[in-house]
Every structure is written in C-alpha cells, then in structure tokens.
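Structural overview
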Amino acid sequence: MDFNLTEEQLMIQRAAREFAQQQCLPGVIERDEHQKFPKEQMEQLADLGFLGMMAPTEYGGAGMDTISYVIAMEEISKVDASVSVAMSVNNSLVCWGLEHYATEEQKKKYLTPLAQGKKDGALYIGAFLLSEPEAGSDASHQHTSAIDKGDHYLLNGVKNWITNGSTSSVYLVMAQTDASKGPKGINAFIVEKNTPGILVGAKENKLGIRGSDTHAVSFMDVKVPKENRIGADGFGFTFAMKTLNGGRIGIAAQALGIASGAYELALAYSKQRQSFGKPIHEHQAIQFKLAEMATRIQSARLICYHAAWEKDNGLDYTTSAAMAKLHASDTAMWAATEAVQVHGGYGFVKEYHVERLMRDAKITQIYEGTSEIQKMVIGRNITK
Ligand code: CAA
C-alpha cells in the first residue's frame, strides 16, 4: 500500500490550490450573496483541463485518474463549493456517462466539447436530469415520459433541482418510455438545451451553494432524435445509477474539501485569536476540537481515495462510493459547524467564510443520493 501521491497528482493539487486561492477566493462572498454563477471560474477550469479530467484525451479530456479528480475537488471545495459542484456534475455525471455508454458518434459530437468545457470559444457544459418534483430518492418512479414516435421520441415532464440548469448546453435526461416495465422502461437521452419546447424555470433561492445554477426544467413536446438515446432500449435507469456511483465520489470529495477548508480556517484563527492571555488553540477546549476535526477529515480523505482507487482499478465501487459520500458529508456538516464554534461570534458573520462553508456542507448530505439512500445502498450490498 503506497500512500504517496504521484508527481502528477501533486502537480494537480498545486494547480487546483492556486486556482482556488487566486481565482475563486476573490469574490466568493459576493457570488454567494447575489447567487451569481461563477462563469469566469468555469471558463478558467475549462482552460486548466478540469472539466473533463477523467475523459480520454482523444475525446478532449485530460485523461487523469479519479484520485487526481478527488484531489482537485478537495482543493476547490475548500474555497468555493458552487464552483466545485458545477465542475463535479460535468466531470462525473455528464462526461463519465457519455464516455462509458455513448456511441462513437455521440462521443464525437457531445463528449469532446463537454470534456473541453468549451465550444467555439464559449463555455460548454452539461447537466444530469434525473430528479423530479415527485421522484427524488425514489428515482425509478419517473413521471417524465418519452414516447417513441419512430424517428424521434417526444419528451414531456418536469425535472427539478438541476445543477447547471440554465448554463448547460447539453442535458442528459432520464424519462419513462414504458411505465409497465418499471426501472427497465426508463431511457436516457442527450438533449440539446436549445431544442424547442424546453423551458428553464427561475433560479432556486438556496441555503447554500448559492452561486450554483439550480433550476427546474420543463419539457413540452420536445422532439429528441432517436440517435440521441444512450445505450439499448430500457438502459436509462442503470445508466443513471452507474453514473451516480462515480458522482458520489465527486460529492464525497466536495464534502471533504468543505470540511478541510473549514478546519484550515479554524486552525489559523485559533493561532491568532487570544483569550484568557493566550492563543485559543492553547485551551484544551479548542485543541480537542481541532484534533477531532483533523482526525475525522483524514479518515474522510482516505475513504474518498479508496473509493477512487477502486474505480481506477476496475473494481465494483458502488459500496465504497456510498460509504465515502455518507462519511465525508457528515464530516463536512460537523466540521464546518465546529469551525463556526471555534470562531465564536466572528464565525457567524460572512467575512470569516466558515458560516458559508457550514451552509454549503448541508447539501452534501442531500444531493446525488441523501445520506439515508447511501445507507440503503450500503445496507443492501453488505447483506446480500
Ligand atoms: N449501481 C448500479 N446499479 C444499481 C444501483 C447502483 N448504485 N442502484 C440500483 N441499481 C440497479 C439495481 O441493481 C437494479 O438492477 P436489476 O434490476 O438489473 O437488478 C436496478 O438498478 C433497480 O434497482 P432497485 O430495485 O434497487 O431500485 P429501487 O427503486 O428499489 O431503489 C435506489 C434504487 C438505490 C433507491 C435509487 O433509486 C437511488 O439511488 N435513489 C437516489 C437517487 C439519487 O441519487 N438522485 C440524485 C439526483 S442527481 C443529482 O443530485 C445531481 C446534481 O445535480 C448534483
């Protein structure tokens, strides 16, 4: 077992850290307050090759491993989780899904610009449309329908909580083609956002990741060419689940970054802030908090690396991805709350960043499968 990062992984860590500090930190409070999508930062990520990190180079990607992706996600999430969720969705839900299940033509047409993150010089990213008003955790009960009309499908329905909802050029949409077949009657489609009949709702006014572009998207008699279906008829639910397994590693890494960002801020503050005649980290009450944060964060990092390692080595990573997300997201929520506590009253104001990290942490226990769903996935797998 080798715990050393490779030269390439260390280089990615430095690049991601520099990007986070120099490009994301300035303006992060304002973007959060005004719910401003980090478009400039996304364009810079495209230039860095971070929007298609794991996609093969022949399709415009950077051809890196999943551990590199986890490392980059941690560094960026320490500073701005709104940037990292947009990055994560494009990498693990959109590019990965297309790389593994799309046809050669689909890959050339869609994966290549999505992995580059740009087309004709403009930002080009994607979104993953599974959730619906009445199908969140219960994802196989899709109400959105796709009726086979010969050379095309006719798409009708509403998707919600869609990350990159208005900024995406491409949607991967799950829809029911034959309700009598349950999950086996679901298909996944590549839908261009500018197709007639698509309506993007207002941006959601959220507790956290406020810069992230979250919308409902409605489909009204949207014609999707037959060649835009992903995989064989009825493959859509499996496509969604397999893609989400990797997505869960991305969100686990985001949670890890939120936790370690909060910890680093708390540690620095504890060295500078004095009370009762000494820096507060010299008080056992604070030192124990820092010690526990460092320990839990290191265990979250290792569980993320392990899930990524399983994925990179062709092993079944369904359980380890769910464990990583469950553990890292709980760590993020707990560590960010502790970081606010270490800061005392200052932790409660925006300038000190930890209150934003605490708000951002909450969503990691909810999206890409709630903590309860992760327990269900783990429980089913360890007892079968
Ligand atoms: N990996 C691979 N296959 C899986 C799987 C997984 N994690 N989970 C289920 N499957 C397969 C099953 O093996 C089964 O296949 P077979 O029929 O061939 O045996 C099939 O899918 C149906 O599975 P179940 O019978 O277990 O289905 P279910 O309805 O009982 O429950 C569930 C499945 C695990 C609860 C699933 O619905 C689920 O994961 N729900 C959560 C959905 C979710 O994560 N949504 C996130 C939205 S996307 C998002 O948040 C993106 C964003 O913008 C940030």
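These numbers were taken from a predicted model, which means no experiment stands behind them. (Residues numbered from 1 in each chain as written. Predicted model: local features only at pLDDT ≥ 70, side-chain atom pairs only at ≥ 80, totals over all residues. Heavy atoms only, no water.)

**Some points on the overall build of the protein chain**
Scanning the protein chain for helices and strands turns up eleven helices and twelve strands. Taken over the C-alpha trace, the protein chain has a radius of gyration of 21 Å; the compact-globule value for 384 residues is 21 Å, and the two agree within 12%. Along the three orthogonal principal directions, the C-alpha set of the protein chain runs to about 80 × 45 × 40 Å. Expressed as a percentage of contacts within the protein chain between residues at least 6 apart in sequence, the contacts between residues at least 24 apart total 73%. One finds the centroid of the 39 positive side-chain charges in the protein chain at a distance of 3 Å from the centroid of its 44 negative side-chain charges. (Helix = DSSP H or I, 4+ residues; strand = E, 2+ residues; numbered from the N terminus. Rg over C-alpha atoms; globule rule 2.2 N^0.38 Å. Contact = heavy atoms within 4.5 Å. Lys, Arg positive; Asp, Glu negative; His and termini not counted. Charge placed at Lys NZ, Arg CZ, Asp CG, Glu CD.)

**A short note on the layout of surface pockets**
Taken as a whole, the largest pocket holds about 1300 Å³ of empty space. Contributing to the lining of the largest pocket are 43 residues, with Gly136, Leu244, Arg248, Glu368 and Gly369 lying nearest its centre. In terms of residue count, helix H7 (residues 236-272) provides more of the lining of the largest pocket than any other element does, seven residues in total. Residues that form the lining of the largest pocket fall into these classes: 20 nonpolar, 14 polar and nine charged. Of the volumes computed, that of the second largest pocket is approximately 480 Å³. Residue lining of the second largest pocket: 15 residues in total, with Asp2, Phe3, Ile67, Tyr305 and Trp309 positioned closest to the centre. For the lining of the second largest pocket, the leading source of residues is helix H8 (residues 284-312), giving six residues. Across the lining of the second largest pocket, the residue classes tally to seven nonpolar, five polar and three charged. (1 Å grid on protein atoms, 1.4 Å probe; cavity = no way out; pocket = protein on both sides within 12 Å on 5 of 7 lines; lining within 4 Å. Points joined across faces, edges and corners; volume = space filled by probe spheres on them. Nonpolar A, V, L, I, M, F, W, Y, C, P; charged D, E, K, R; others polar.)

**Describing the packing of aromatic side chains**
What the rule picks out here adds up to nine aromatic pairs. What links up through ring pairs into an aromatic cluster is the set Trp96, Tyr101, Phe235 and Phe239. Directly above the aromatic system of Tyr153 lies the positively charged group of Lys226, at a separation of 5.3 Å from the ring centroid. When the ring centre of Trp334 is taken as origin, the NZ or CZ atom of Arg296, which lies over that ring, is 3.7 Å away. (Phe/Tyr/Trp six-rings, centres within 6.5 Å; stacked < 30°, edge-to-face > 60°. Lys NZ or Arg CZ within 6 Å of the ring centre and 35° of its normal.)

**Observations regarding the site of the ligand**
Among the 23 residues in the neighbourhood of the ligand, the closest are listed as Ser137, Thr163, Lys184, Arg248 and Arg380. Here an oxygen atom of the ligand and a backbone polar atom of Gly369 are 3.0 Å apart. In this structure, an oxygen atom belonging to the ligand sits 2.5 Å away from a side-chain N or O atom of Arg380. Here the ligand loses 73% of its free accessible area of 1100 Å² to cover by the protein chains. Among the detected pockets, the ligand sits in the largest pocket. Of all elements in the fold, only helix H5 (81-101), strand S5 (152-163), H7 and helix H11 (371-383) reach the threshold of two or more residues within the shell around the ligand. When residues in the shell around the ligand are grouped by element, the largest group, five residues, is from H7. (Near = heavy atom within 4 Å. Polar contact = N/O pair within 3.5 Å; in protein donor to acceptor, adjacent residues only side chain to side chain. Areas by Shrake-Rupley, 256 points an atom, 1.4 Å probe, with all protein chains shown as cover. Sits in = over half its atoms within 2 Å of the grid points.)

**Observations regarding the domain arrangement of the protein chain**
Per the domain assignment, the segments making up the protein chain are domain 1 (7-123), domain 2 (126-234) and domain 3 (238-382). Both sides of the domain 1 and domain 2 interface together cover about 1900 Å² of buried area, and 59% of this is carbon and sulfur. Looking only at domain 1, the three residues that lose the most surface to domain 2 are Gln35, Phe37 and Tyr110, adding up to 32% of its buried area. Between domain 1 and domain 2 we count one salt bridge in total. Glu192 is the salt-bridge partner of Lys109, the closest N and O atoms lying 3.7 Å from each other. Our enumeration of links across domain 1 and domain 2 arrives at twelve residue pairs in polar contact (both at pLDDT 80 or more). Looking at the side of domain 1 that touches domain 2, the elements that each hand over two or more residues are helix H2 (28-34), H5 and helix H6 (104-116). (Domains from an automatic or database assignment. Buried area = accessible area lost by both parts, 1.4 Å probe. Salt bridge = Lys/Arg side-chain N within 4 Å of Asp/Glu carboxyl O.)

**Quick look at the environment of Leu172**
Structurally, Leu172 is set in strand S6 (residues 170-176). Overall, Leu172 belongs to the buried group, its relative accessible area being 0%. Residues Leu172 and Ala127, spaced 45 residues apart in sequence, show a C-alpha to C-alpha distance of 6.2 Å. The residues touching Leu172, leaving out its near neighbours within four places in the chain, are Leu93, Val94, Leu98, Ala127, Phe128, Leu129, Phe189, Ile190, Ile230 and Phe239. (Buried < 20%, exposed > 50% of the residue type's maximum accessible area, 1.4 Å probe, protein only.)

**Structural notes on the nonpolar core**
Within the largest apolar cluster, 96 residues are counted, with the highest numbers of intra-cluster contacts made by Leu45, Phe50, Met87, Leu98 and Met293. Counting residues per element, this core draws most heavily on H7, at 16 residues. When residues no more than four places from it in sequence are discounted, the contact partners of Leu98 are Lys107, Tyr110, Leu111, Leu114, Leu172, Ile190 and Ile230. Listed in part, the 16 residues of the second largest apolar core include Ala127, Leu155, Ile162 and Ile198. (Core = buried A, V, L, I, M, F, W, Y, C linked by side-chain atoms within 4.5 Å.)

**Some details on helix H4 (residues 66-77)**
With twelve residues, H4 extends 16 Å from end C-alpha to end C-alpha; this agrees with the ideal 16 Å at 1.5 Å per step. Burial of H4 is extensive: twelve of the twelve residues sit out of reach of the surface. Tucked into the core, H4 has its buried residues touching helix H1 (7-24), helix H3 (39-48), H5, H7, H8 and helix H10 (354-364). (Expected span 1.5 Å × (residues − 1).)

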